[in-house]
Amino acid sequence: MKVKILKKVETATDIFSFELVDPTGRPLPGFSAGSHIDVHVGNGLVRQYSLSNDPRDTHRYVLGVLRDPNSRGGSIAMHAQAEGAEIEISQPRNHFPLANEARHSILLAGGIGVTPILCMAERLAHVDASFEFHYCTRAPERTAFREQLMRPGMKDRVRVYFDTAPPEERIDLEAILADPDVDKHAYVCGPSGFVDAVLSRARNAGWPESNLHREYFSAQKGAIAGNSAFQVRLASSGRVINVRAEQTVVEALGACGIEIQTSCEQGICGTCLTRVLEGDPDHRDAYLTDEERTANDQFLPCCSRSRTPILTLDL
Ligand code: FES
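Residues numbered from 1 in each chain as written. Predicted model: local features only at pLDDT ≥ 70, side-chain atom pairs only at ≥ 80, totals over all residues. Heavy atoms only, no water.

**Student:** When you look at the overall build of the protein in this model, what are you seeing that I'm missing?
**Tutor:** If you tally the helices and strands in the protein, you get 7 helices and 18 strands. For 315 residues, the compact-globule estimate of 2.2 N^0.38 gives 20 Å, and the protein sits close to it at 20 Å. Dimensions of the protein, computed from C-alpha atoms along their principal axes, come out at roughly 60 × 50 × 35 Å. The buried share among the 315 residues of the protein stands at 48%. Relative to all contacts within the protein whose residues are 6 or more apart in sequence, the contacts with residues 24 or more apart total 66%. Carbon and sulfur atoms provide 48% of the accessible area of the protein, an area that totals close to 14900 Å². For the protein, the separation between the mean place of its 34 positive charges and that of its 42 negative charges on side chains is 3 Å. (Helix = DSSP H or I, 4+ residues; strand = E, 2+ residues; numbered from the N terminus. Rg over C-alpha atoms; globule rule 2.2 N^0.38 Å. Buried < 20%, exposed > 50% of the residue type's maximum accessible area, 1.4 Å probe, protein only. Contact = heavy atoms within 4.5 Å. Areas by Shrake-Rupley, 256 points an atom, 1.4 Å probe, with all protein chains shown as cover. Lys, Arg positive; Asp, Glu negative; His and termini not counted. Charge placed at Lys NZ, Arg CZ, Asp CG, Glu CD.)

Put into structure tokens, the structure is as follows:
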């Protein structure tokens, strides 16, 4: 659907917030905390951005977009958009929902990973649920959405940590995650190093996997140098296609005229999810759960590879 950029505000260094509304003033489809939308940012690129605003808002979606120095074009194209411009987006989808049964929630955000976490905090504050919110950023000027964090209901529950602070003022994950409980749920979003640090601390402390929820805002980078070639077989025709070491499965299939729909091309969004009928995928995505990976019957061909010489795909 088409939306209009009503406001574009620099909320921190290199971070703009975008307020999107229906061009005719109608309400937008509802969303739950943790949702994201696909945004057609321009130049044919589609990127996923989490909604950061209160899910009770019916007329707007608010995004926070970091200008990423390693951008493949998406964040630069989005930052180039101006107030008043109309852009195309998808309906909100949620792969990172709150667990309704939680009696206490621990929210952990790293950098621009604050966007879905802020939305969760808005929701939890509104229903007066028990929660704590830990937000790590590089420095005060790189801390997005500061005014929102200072609002009543929010400010007593938020603690912000800066990478530039002395060690004793940095986040103490061991203390925060020391006391797992069946009724406690932890949510983390941020760069892969931050998310992995939180998950590994939580696992060491005995947190059950079902109470740990994560969303990466960039996928872990696979070791491209160590990649090897393999083949994929198309179940419908028996055709075998070579995937070179420096190619993704999507690229190899595309070169043979077989298009797989993609969006993020980083193993985050799930758009390219494909069934695997035979063989052992080498999962490189940040989308599937550990149980789904272990089942080995589906993979994300935009980034994942194969541990076996050939993978048979349901194509
Ligand atoms: Fe997003 Fe493959 S295109 S996971």
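Following the structure, the description resumes.
**Student:** Explain the pairing of strand β5 (residues 61-66) to me, please; I cannot follow it from the model alone.
**Tutor:** A regular strand places its side chains on the two faces of the sheet in alternate fashion. By the criterion of burial, β5 is predominantly enclosed, with 5 of the 6 residues buried. For strand β2 (residues 15-21) and β5, the ladder comprises 6 bridges, and the chain directions are antiparallel. Looking at the pairing, F18 lines up with L63 of β5. (Pairing = 2+ DSSP bridges.)

**Student:** Just checking my understanding: could you explain the environment of N204 for this structure?
**Tutor:** Along the chain, N204 falls in helix α5 (residues 192-204). The exposure class assigned to N204 is exposed, which follows from its relative accessible area of 67%. Along the chain, N204 and F16 lie 188 residues apart, while their C-alpha atoms are 36 Å from each other.

**Student:** Please explain the sheet that holds strand β9 (residues 158-162) as it appears in this structure.
**Tutor:** Sheets are built from strands that pair by backbone hydrogen bonding, the pairs being arranged parallel or antiparallel. Read across the open sheet, the 5 strands follow the order β9-β8-β7-β10-β11; overall the sheet is parallel. Each having just a single partner strand, β9 and β11 (212-216) make up the two edges of the open sheet. Recorded for the sheet is a direction-independent mean angle of 10° between the axes of neighbouring strands. The strands touched by helix α2 (residues 114-126) within the sheet are β7 (104-110), β8 (131-137), β10 (184-190) and β11, with β7 carrying the most contacts at an inclination of about 155°. The strands touched by α5 within the sheet are β7, β8, β10 and β11, with β11 carrying the most contacts at an inclination of about 170°. (Axes fitted to C-alpha atoms, helices over the stretch in contact; angles between N-to-C directions.)

**Student:** Looking at this structure, I do not really get the sheet that holds strand β13 (residues 240-243). What am I missing?
**Tutor:** Spatially, β13-β12-β18-β14-β16 is the arrangement adopted by the 5 strands of the open sheet, whose pairing is mixed. The open sheet has two free edges, formed respectively by β13 and β16 (298-299), since each of these has just one partner strand. The pairing of strand β12 (residues 230-234) with β13 spans 4 bridges and is antiparallel. For V232, the partnering residue across the bridge sits in β13 and is I241.

**Student:** Before we go on, may I ask you to explain the packing of aromatic side chains in this structure?
**Tutor:** The description of an aromatic ring pair uses the distance of the two centres, along with the angle that the planes make with each other. Across all of its chains, the model carries 4 aromatic pairs by this definition. Ring geometry for F16 against F18: centres 6.4 Å apart, planes inclined by 50°, an arrangement best described as tilted. Looking at F18, the relative accessible area reads 0%, which means it is buried. Ring centres 5.7 Å apart and planes at 85° place the aromatic pair F31 and Y61 in the edge-to-face group. Note that F31 is positioned in the loop between β2 and β3 (36-42) and Y61 in strand β5, a separation of 30 residues in sequence. Owing to a relative accessible area of 1%, Y61 belongs among the buried residues under this scheme. The ring of F16 has K8 lying over it, and the distance from NZ or CZ to the ring centre is 4.6 Å. (Phe/Tyr/Trp six-rings, centres within 6.5 Å; stacked < 30°, edge-to-face > 60°. Lys NZ or Arg CZ within 6 Å of the ring centre and 35° of its normal.)

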